[in-house]
Amino acid sequence: MKLSCISLAMLPLLSVFSVQAAVYNVVEVGQVDELKLTYAAGINNTGDTVFNGGILTTSSSGQADMQLFNFPIDLSLIDFENEIVQSWFTEAQLNDLLNGIVTADTLAILLSRNPSGQQIGAATSFIKADNLVAQNQLLRDTNASRSNNEYLFSINDQGIAVGFATNTYVYESFTSEPTEAKPEPETENLWVPQLPRTVAVVVRNGEVISLQPEYNDVGGGFSEALNINNINAIAGYGSISIDDDIAASIATNCVGKVKPVDQCIYEATPKSAYEQRAMVWQLQPDGSVNQPAVYGYLGDKNTGLPYNNETPTDTINTIKYSSQANAVNTSGIAVGVSTYSDSSRTIRYGTVDAIYRQDHATIFSPDGALPIVDPSEWFFNSTSVLGSSAVDINDQGTVVGYANKVINGSLRSRMFVYDYNTAQLSFPAGFFTSSSTIPQAINNNGLVVGSADVIISGTVTRRKHGYVYDVASSSMTDLNTLVGCNSPYTIVNAADINDNGVITATAVTQRESKDLLGAAVLDAQGNPVMEEVATVVLLQPIANGEVENCNTDETQYSRQGGSLSFIWLLFGGALLWRRR
């Protein structure tokens, strides 16, 4: 399969970073002391980056793997007098643990058994600024307990970053009220969640600022920030209300008789308990944040209004509408997704026929929620799958996103480019007809980066490779063809690109394996064991760089990251959903 050469539009105004036969110089920035795997997120025009690292990841087989070195297991909460706990260890191991000595082997046992039920998060965030070593930025987990999920997704030219963090936990003793069945209830030790469930955050000069949703009463609501522009407008989403029945149930039942109040509220308020809307916050120079501008949804037949179900018992056709802003430009035009329905169109969902409804790409402007793609062409018979999504918009009003439909018998994603000023929509060709192509970002020069399916030469195996697409020349190029034939990195997802053409990407590379304490793993001969890991790299354009001739098509995809389950690279989906 021949790939197009990089557009000449990418080469002007570039600085010399390296002398080599390639278009980009690859600089690894994601190798950190705290953990094994890192994943690219955002970059600004000065080269500052934000990225995220995996604490606990899940492979495609469902196996959970600890990626954080020296997880802070709390030995004081474990009953080492318990015979079952003692049976897990040798006498020597048990003596070490009683003396506070944890080895890689005993830590592995404690993490797999987790006798105290200690909470383990999935992700933590990093900021790399001013050519310094990347710093682990704690958002809500100020004690570094590693009990929650923390993400940063975007950083602007002022070095202000945004993201969100889930709740942390505290270990508490609780005794329920006596009942006839349990007249003398025993005291329990519980990990109690600290509400709210999810909070959008801004990191400004090291200070973490919370962004409140419009509704933050019962359960605290929820908010998530996904993007910040250079005038400090922040795109995301959050809660605007809570279901009346759920609120009434909480008022009646969450009173501390059966379980801690916050535990009860937490269990009663998943995100689905709230009404969700796209929001744009404005960060002020003094660090305060305005109440968010709240946006609606496409609604029934793009009216911005919900379908009026006149038969309340017809729950199949009761539609819950929502919206989410993924990005906002300096003109205040936001893009994202929202719920669209067509009450005159019925399709089959599983075993039932129902009114068509699905989340679709949306522009949020002073004119309301506006559509981009045709939902009669781009859709899938499942409400859990997006019909389409707008992921980014530049300051010229060029929107990029993707739409889903069945192509050659399988669900695939196609990138789209939409000009907000002219309403022109196009679907650029991918690397091949059924290649799923998902953009992540567009810069102000019309260069788009993302991830797309490629097929390894001589096989039928699909892999994800990062790509760059030039809107002006309609050219798409696999980034792996632009970094030199002998590069040790396989670029699997290009997450962001700044106006200087520098790309932050997730790559797979070989590295010496480490155990749970961060020590090298050796084979029987004492040699380091190698493994594939995900890491963050910067692709820095080389002035006058040229595509290296790798001789044959067969060598174009020789740097395979095949054994690393790609689901790890998505944090269970979190990395690509950040802009849905």
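You'll find the structure just up there.
Here, residues in each chain are numbered from 1, in the same order as that chain's written sequence. Two thresholds apply to this predicted model, a pLDDT of at least 70 for residue-level local features and 80 or more for giving and counting side-chain atom pairs, whereas whole-chain, interface and lining totals are computed over all residues. To obtain the side-chain values, all non-hydrogen atoms of the structure were used and water was disregarded.

Q: I keep staring at the sheet that holds strand β15 (residues 233–242) and nothing clicks. Help me out?
A: Within a sheet, adjacent strands bond to each other through the backbone by hydrogen bonds, running parallel or antiparallel. For two strands to count as paired, DSSP must find a minimum of two bridges between them. For the purposes of this entry, the term helix denotes a DSSP run of H or I that reaches at least four residues, the term strand denotes a run of E that reaches at least two, and both are numbered from the N terminus. Pairing in this open sheet of four strands is antiparallel, and the strands run β14-β15-β16-β17 from one edge to the other. The sheet terminates laterally at β14 (223–228) and β17 (293–295), the two strands that pair on one side only. The sheet shows a mean angle of 30° between the axes of neighbouring strands, direction not considered. Bridge count for β14 against β15 is five bridges, and the pairing is antiparallel. In the strand pairing of β15, A225 is matched with G236. What counts as an axis is a line fitted to C-alpha atoms, over the stretch in contact for a helix, and the angles between N-to-C directions run from 0 to 180 degrees.

Q: How should I be thinking about the sheet that holds strand β9 (residues 161–166) in this particular structure?
A: Strand order in the open sheet formed by four strands is β8-β9-β12-β13, and the pairing between neighbours is antiparallel. The sheet terminates laterally at β8 (150–155) and β13 (207–211), the two strands that pair on one side only. Across this sheet, the average inter-strand angle for adjacent strands is 30°, counted without regard to direction. Here strand β12 (residues 198–204) pairs with β13 via five bridges, running antiparallel. Counterpart to V203 in the pairing with β13 is V208.

Q: So what exactly am I meant to see when it comes to the state of the cysteines here?
A: Simply put, the disulfide is a covalent bond whose two ends are the sulfur atoms of two cysteines. Cysteine sulfur atoms that come within 2.5 Å of each other are treated as a disulfide pair. If you walk through the whole model with that rule in mind, you get one disulfide. Between the sulfur of C254 and that of C264 lies a disulfide, 2.0 Å long from S to S. Because the torsion about its S-S bond is -70°, the bridge between C254 and C264 counts as left-handed. Of the two residues, C254 sits in the loop between α4 (244–253) and α5 (261–268) while C264 sits in helix α5, which places them ten residues apart along the sequence. One exposure class covers both C254 and C264, and it is buried. Buried means the residue's accessible area, taken with a 1.4 Å probe over protein chains only, is under 20% of the maximum for its type, while exposed means over 50%, and partly exposed covers the values in between.

Q: Help me out: how do you make sense of the packing of aromatic side chains in this one?
A: The relative placement of two aromatic rings is captured by the distance of their centres and the angle of their planes. What counts as a ring pair is set by centres within 6.5 Å for rings of Phe, Tyr and Trp (its six-membered ring), and what kind of pair is set by the plane angle: stacked under 30 degrees, edge-to-face over 60, tilted for all other angles. On inspection of all chains with the given rule, the structure shows 15 aromatic pairs. Relative to W191, the ring of Y171 has its centre 4.7 Å away and its plane inclined at 50°; by these criteria the two rings are tilted. Here the residue Y171 occupies a position in strand β10 (residues 169–174), and W191 occupies one in strand β11 (residues 188–193), the gap between them amounting to 20 residues. Relative accessible area serves as the criterion here: at 30%, Y171 is assigned to the partly exposed category. What makes W191 buried here is its relative accessible area of 18%. Between the aromatic rings of Y356 and F379, the centroid separation amounts to 5.9 Å while the plane-to-plane angle is 80°, which identifies the pairing as edge-to-face. Taken together, the residues span a long stretch of sequence, with Y356 in strand β21 (residues 352–365) and F379 in the loop between β22 (368–371) and β23 (388–393) at a distance of 23 residues. Take Y356: its relative accessible area is 0%, and that puts it in the buried class. Linked through ring pairs, Y215, F222, Y237 and Y274 together constitute an aromatic cluster. When the ring centre of Y266 is taken as origin, the NZ or CZ atom of R197, which lies over that ring, is 3.9 Å away. Counting as a charge over the ring demands two things of the Lys NZ or Arg CZ atom: a distance within 6 Å of the ring centre and an angle within 35 degrees of the ring normal. Its guanidinium or amino end placed over the ring of F379, R345 lies 4.4 Å from that ring's centre, counting from NZ or CZ.

Q: So what exactly am I meant to see when it comes to the pattern of salt bridges here?
A: Proximity of charged atoms lets side chains of opposite charge pair with each other. By salt bridge we mean one thing: a side-chain nitrogen of Lys or Arg within 4 Å of a carboxyl oxygen of Asp or Glu. Under the counting rule described, the total for this entry stands at nine salt bridges. A salt bridge links K259 to E267; the nearest nitrogen and oxygen atoms lie 2.7 Å apart. Salt-bridge contacts for D453 lead to K464; the nearest nitrogen and oxygen are separated by 2.7 Å. Note that D453 is positioned in strand β28 (residues 447–455) and K464 in strand β29 (residues 462–470), a separation of eleven residues in sequence. With relative accessibility at 5%, the residue D453 sits in the buried group. For K464, a relative accessible area of 24% corresponds to the partly exposed category. When salt bridges with common partners are traced through the structure, they connect D453, R462 and K464 into a single cluster.

Q: Is there a simple way to think about α5 in this case?
A: Taken together, the buried positions of α5 are occupied by Q263, C264, I265 and Y266. Looking at the buried residues of α5, the elements they touch are β10, β11 and α4. Contacts: residue pairs with any heavy atoms within 4.5 Å of one another.

Q: It is not clear to me how the pairing of β9 should be interpreted in this structure. Could you clarify?
A: Successive residues of a regular strand alternate their side chains across the two faces of the sheet. With six of six residues buried, β9 lies mostly within the body of the structure. Sheet topology note: the β8/β9 ladder contains five bridges and is antiparallel. The residue of β9 that forms the bridge with I155 is A161. Between β8 and the antiparallel strand that follows it, β9, lie five residues; G159 among them carries a positive phi value of about 80°.

Q: Can you help me understand the environment of N394 in this one?
A: Its place among the elements puts N394 in the loop between β23 and β24 (398–407). One polar contact links the side chain of N394 to the main-chain amide nitrogen of T398, over a distance of 2.9 Å. N or O atoms closer than or at 3.5 Å make up a polar contact, with two conditions inside protein: a donor-capable atom paired with an acceptor-capable one, and, for residues adjacent in sequence, both atoms drawn from side chains.

Q: What exactly am I supposed to notice about the nonpolar core here?
A: The biggest cluster of nonpolar side chains holds 29 residues, and the ones touching the most others in it are M66, I73, L75, F80, F89, L110 and L111. Of all the secondary structure elements, the ones that give two or more residues to this core are β2 (38–43), α2 (91–98), α3 (104–113) and β33 (530–541). The element best represented in this core is α3, accounting for three residues. M66 has contacts with I55, L56, F71, L111, I120 and L516, leaving out every residue within four places of it along the chain. Only buried Ala, Val, Leu, Ile, Met, Phe, Trp, Tyr and Cys residues count toward a nonpolar core, and they belong to the same one when joined by side-chain atoms within 4.5 Å. Grouped together as the second largest cluster of nonpolar side chains are 19 residues, Y24, L479, Y489 and A494 included.

Q: So what exactly am I meant to see when it comes to α3 here?
A: It helps to recall that an α-helix has 3.6 residues per turn; residues three or four apart then point in one direction. Here α3 has its buried residues at A104, T106, L107, L110 and L111. Angularly, the buried residues of α3 cover 160° about the axis, an arc narrow enough to put them on a single face. Turned more than 90 degrees from where α3 packs its buried face, D105, S112 and R113 sit exposed. Close packing links the buried residues of α3 with β5 (64–66) and α2. Looking one or two places after α3, you find N114, whose phi comes out positive at around 45°. Our arc is simply the arc of the directions from the helix axis toward the C-beta atoms.

Q: I'm lost on the side chain of D141 in this one. Help?
A: Tracing the backbone through its elements, the reader meets D141 in the loop between β7 (135–137) and β8. For the buried residue D141, which engages in no salt bridge, the nearest side chain bearing the opposite charge is R146, 5.0 Å off. At a separation of 2.6 Å, a polar atom in the side chain of D141 contacts the main-chain amide nitrogen of R146. Beyond its immediate chain neighbours, meaning those up to four positions away, D141 contacts R146, S147, N148, E150 and T168. The convention is simple: Lys and Arg are positive, Asp and Glu are negative, and His and the chain ends are not counted.

Q: What should I look at first to understand the pairing of strand β27 (residues 437–442) in this one?
A: Summarising burial for β27: six of the six residues are buried, a large majority. Here five bridges tie β27 to β28, and the two strands are oriented antiparallel to one another. Among the inter-strand pairings, A441 is bridged to a residue of β28, identified as V449. Between β27 and β28, which pair antiparallel one after the other, the connecting turn spans four residues, and G446 there sits at a positive phi close to 80°.

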